[in-house]
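This is what each chain is made of:
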Amino acid sequence: VCQTQDWKAHRHCDDSLMLTENWSACDSHGDASSLQRVYLKDLQMSKVIKGTDIQASVVEFYSPGRFFLLAQRPEVLEALQSITTELQKIYSCPSVTTYVPCVGEVCAVQFSCDLNWYRGLVQTLATDQKTANILYIDFGNEEDVPVDRIKPLATNIQPFCPCAMECRITGVVPVAGDWSDECCISVRQLLAGKIVTVKLVETLEHGRIHAVNILLSMGKQLSTFLVEYGYAAEETVNTTPTEQEIYAMMSASLDNFRRLSDGKDDNTWAQPPEPLTQAVGDSFSVMVTHLLSPNEIIVQKVENAGVIQELQLKLREHCCQVPAPQNFRPAPGTVCCAQFSEDKQWYRAKVLAYSSEEGVCVGYLDFGNSEVVDLSYLRPISTELLALPMQAMPCGLAGVQPVGESWSQDCLLALQRRVSNRILRIEIQGAHEGKALVAMIDEASDPQANVAELLTSAGFAAPAPNFFCVAMCAKAPSPACEPLVWSSAELPSDGQTVALLASVVENPGEFYCRINNPTDHQRLIELGTELKQHCEGQASPFEPRVGEPCCAMFPGDGAWYRAMVNELSEDKVSVNFVDYGYSMKVEESHLRPITPQLLTLPFQAVRCRLAGVEPLGSEWSSEALLWFQTRVDGEQLCANVLSASEQGYDVKLESRGQDVAAALISEQLAKAPGAPPKETHATTGAEAKHQEKIKENEHSQIHVQASNQTGASSKEVPTDGTAALSEAPSFPVDWKTVELPVNETFQPYIAAVISPSLFYMIGPSQVDQQKLQGVMMELAAYCSNPRASSSSTVLSRPAPGAACCAQFSADNNWYRAVVLDVAENEMTVIYADYGNTERVPFSRILPIPVQLLQLPFQITRCTLTGKEHFPAQWPKEVQQMFESLLANGVLATVQSFSGSANVLSLTLPTEKGGGQLTAMILDALQAQAKSNPCQPSTQKAEQTDSSIPTASTTVVPDCPQPKLTTETQKGLENTTATTGPTIAPEQAPQTPQQNSFSGWSNQNSMDHLDQLVQLQLSLIKQLVGQTK
């Protein structure tokens, strides 16, 4: 029995694609755990001898880099016949049990074309475990098969090696990176249906793949044919240089350095900084910056993203100020600044060698890669820029080794695809030859995947004995402990006024301040330097105890601060940063013991509560939080203590000369203690007025309470890009949108529509991918911080239009987003850098820090020109018409920028009749008003809390509330956005006026339908007239 060559062709399936999230140890299903699974390693090895010629037929051809041969040898053909016949006998009776195979397992598989059974290798398994991608190992073809047609391979089937030999042509590589379609068609025509002479040159991948050359009927080798016709180039073979060659290269490098070095600055003082110190057992998130092999991987800590970004800013500033020196010729082994050839940015670099008199080979200390640059692209470095330890961490995967003498190209390609541009977690298991031996885990996959196990399962790696754990930093016994004595700053309770600066603002009922004392502030800056020196030089083990102080590293900027241990758990320690008020869980490895000298300055953070106010409901609303944060953040506050307790101080606050509590009540965002609640949700007007006020002070949110530890500035403003300790995240609605060029006409991509007054589109400019990746790293570090999730439970739900962090359901990664609609338990967001939308639960929403808003969103806020004539509330019919017109395609011209949105003129294309959308909208509004002058706004009713008296429905907000349409579903394929009106809260008992409103709606439903038809007819007439 043989499978014929007219089977449908299959696309080439690179082995690297086998490394997917589905590769994991299989769970037990029924009796599957008791079965003896069969893998490729259990089959016999091919007996083809290296260097011999065989006769074979090509049974499946994908490209010169992957094809399958069937050797025309009696033992192979007999084994194929025997195995196929035996399989039909064993599996002729149908089975009612479903067997779930493992990836990498060899099974009995029923082929879809002839329904016969053959041996198949499970290459991938679908997430739902209902289908698998199968490679028929005796014939070389592939297909997707339902699992009910896959059975475990019977033990009495002889373990003969795969009859189809997987091969690749030797000695050549494709000229364009991949084999072209023209090349594959030409070679297929030369080989199809023919028995050819094949020379086995080399066996790769533990005997699985054979590098061969084929003698064509024209008398040429296939490799020669490919080169002559321009399909391929000869493969360059990398050979290890001999000791003599290495010595010659080093001598040439030193000669190149010395030849022109007399009297030049050789930079010998600038020695490489210390590497990051880690210990066996440490676990943290990283991103791969450079990859050579599974044994040579360079990573950066995600938690140090802010530190690295700050370093890059300092390097750029330094190199822009330092002129190109004429006498600078740094010696090999010293450190300088080098300009990277690809992005023209400056980085810390170590001089490795001189390739010529003016060519210098440098290695980038914080990223791990190297290149040859011209001497003119180097600058001297400063002492300050050498203070930060090297951020590049060399690693190797623990427990694996190459299958052959070296790692295969397929292995390297698969590994690169698996780990590039992903946030991974590593666990240090030991050290070898100066590298950390790590387990690398992809936590974003479901289930979590161990990269080393994936390589082994795919046949790219073989298990290797783990080295015994070698400590990466010395463990010294802790010195005799001196008693620790500490104190906290106190506010005067005698009625005097004290100046405060807010550090962490949760809500009016809980916020932290520091006394605005320049002496203490300067002492805090100096303390930061002392903490850095103490903690980076401290290697002794530390056992935290609840209620005792320590030193803790803040993940946002990698700096050390004083902290108090609040709670111990299995793998984390809950601490409070006592000089700022920030609480979070940190790794125990990020704690150090503290000395009495570091406790002489009283703890600076003072817990406060705004006296004289209570929330309108059970918790503070997002409007109240935003108002309060904007009013106190970055402002010098005047405070009077009214009472004190173990929970902190009740204070009366003044900001900008205004009583904060009184202003909060007057804005209808709070109430006096014991007072009955006022119109709790009739605050949209106040909110709109508030938005106007915060636009006047849009920079007031850029505040800092963590001290700038460089000591270069007396103001509390952090360096751009650092994750300041106390920049309290929030849900800002006044985020800046990109200002588009005026009078530019283009075809817009509308991402979400709220109304003609507000819609979002994807900006025409391209995003800076490098900057966006930096933001993503900072975002991941912030959102993975337990403190971020705990603060979101304190904050109320954000208002529509607010910026936030949202966790995308398809990959569980965090992205920047804007809230479109808020329901009872979930909200609809648009992902601000991609334009797709989905509904997410509140548990997947976090407030966003200020520094993550510095890079503009890719979506832009827009409004239709003529806004001065638009109503505060849009009739549903007119809004639907606007959405329909946008869906059919329009042209946009930027008229102006209003300060918060781009004002666009939208027109229909000429082939669709032309016409201005503003004129159509205004005509539709006029027609709707004539046909129904007294109709209430159903949209307004939906957005009014049922517990509010009917009078509150007359409050007309300045900005319409979002109402999603099918337009918001455009975007990524994997989004789970839903459409429809906003879900109103569960209705409370209605007032008589509310009942009459509902009755009006029921009695006039048919009249409303007639009005809608009349409106549509009038609109059609207008469009027909414009077309004529």
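Each chain carries its own residue numbering, running from 1 in the direction its sequence is written. Since the coordinates come from a predicted model, pLDDT governs what is reported: local features require at least 70, and pairs of side-chain atoms require 80 or more to be given and counted, while whole-chain, interface and lining totals use all residues. Side-chain numbers here rest on the full set of heavy atoms in the structure, without hydrogens or water.

- In the annotation of an unreviewed UniProt entry, the protein is listed under the name Tudor domain containing 1 and assigned to Dicentrarchus labrax.

### Points about the sheet that holds strand 47 (residues 902-907)
Stage number 1. Only strands joined by at least two bridges in the DSSP assignment are considered to pair. A run of DSSP states H or I qualifies as a helix once it reaches four residues; a run of E qualifies as a strand once it reaches two. Both are numbered from the N-terminal end. Taken in spatial order, the 6 strands of this open sheet run 37-46-47-45-39-38, and their pairing is mixed. Each end of this open sheet is capped by a strand with a single partner; those strands are strand 37 (745-746) and strand 38 (749-755).
Stage number 2. Relative to strand 46 (residues 891-897), strand 37 runs antiparallel, the two being bridged by 2 bridges. Considered in strand 46, the bridge of threonine 745 is made with threonine 893.
Stage number 3. Residue contacts follow a heavy-atom distance rule, with two residues in contact if any of their heavy atoms lie within 4.5 Å. To get an axis, fit a line to the C-alpha atoms, keeping to the stretch in contact for a helix; angles then go from 0 to 180 degrees between the N-to-C directions. Docked against the sheet, helix 14 (residues 876-887) engages strand 38, strand 39 (758-762), strand 45 (859-864) and strand 47, running at close to 175° with respect to strand 38.

### Here's the deal with the nonpolar core
Stage number 1. Judged by nonpolar contacts, the single largest core of 68 residues is most densely connected at Leu191, Leu222 and Leu226.
Stage number 2. Sequence-distant contacts of leucine 226, that is, excluding residues within four places in its chain, are made with Pro64, Ile169, Val172, Trp179, Cys183, Val187, Tyr231 and Ala232.
Stage number 3. Grouping buried Ala, Val, Leu, Ile, Met, Phe, Trp, Tyr and Cys residues that are joined through side-chain atoms within 4.5 Å yields what is termed a nonpolar core. Each residue's exposure class comes from its accessible area (1.4 Å probe, protein chains only) as a fraction of the maximum for that residue type: buried when under 20%, exposed when over 50%, partly exposed otherwise. Among the nonpolar cores identified, the runner-up in size contains 42 residues, and Tyr782, Phe808, Met827 and Leu846 belong to it.

### Observations regarding the sheet that holds strand 44 (residues 845-846)
Stage number 1. On the basis of which strands lie adjacent, the open sheet formed by 5 strands has the order 43-42-41-40-44 and antiparallel pairing. A strand with exactly one partner marks an edge of an open sheet, and here the two such strands are strand 43 (837-841) and strand 44.
Stage number 2. For strand 40 (residues 803-807) and strand 44, the ladder comprises 2 bridges, and the chain directions are antiparallel. Bridge pairing in strand 44 places cysteine 805 opposite leucine 846.
Stage number 3. Along the sheet face, helix 12 (residues 769-783) touches strand 40, strand 41 (814-822) and strand 44 and points at about 75° away from the line of strand 41.

### Focus on unusual backbone geometry
A negative phi angle characterises most non-glycine residues, just as the trans form characterises most peptide bonds.
Stage number 1. A positive phi angle, close to 60°, is found at glutamine 668, a residue other than glycine.
Stage number 2. Secondary-structure assignment places glutamine 668 in the loop between helix 10 (660-666) and helix 11 (684-696).
Stage number 3. With a phi close to 60°, asparagine 812 is a non-glycine residue in the positive phi region.
Stage number 4. Tracing the backbone shows asparagine 812 in the loop between strand 40 and strand 41.

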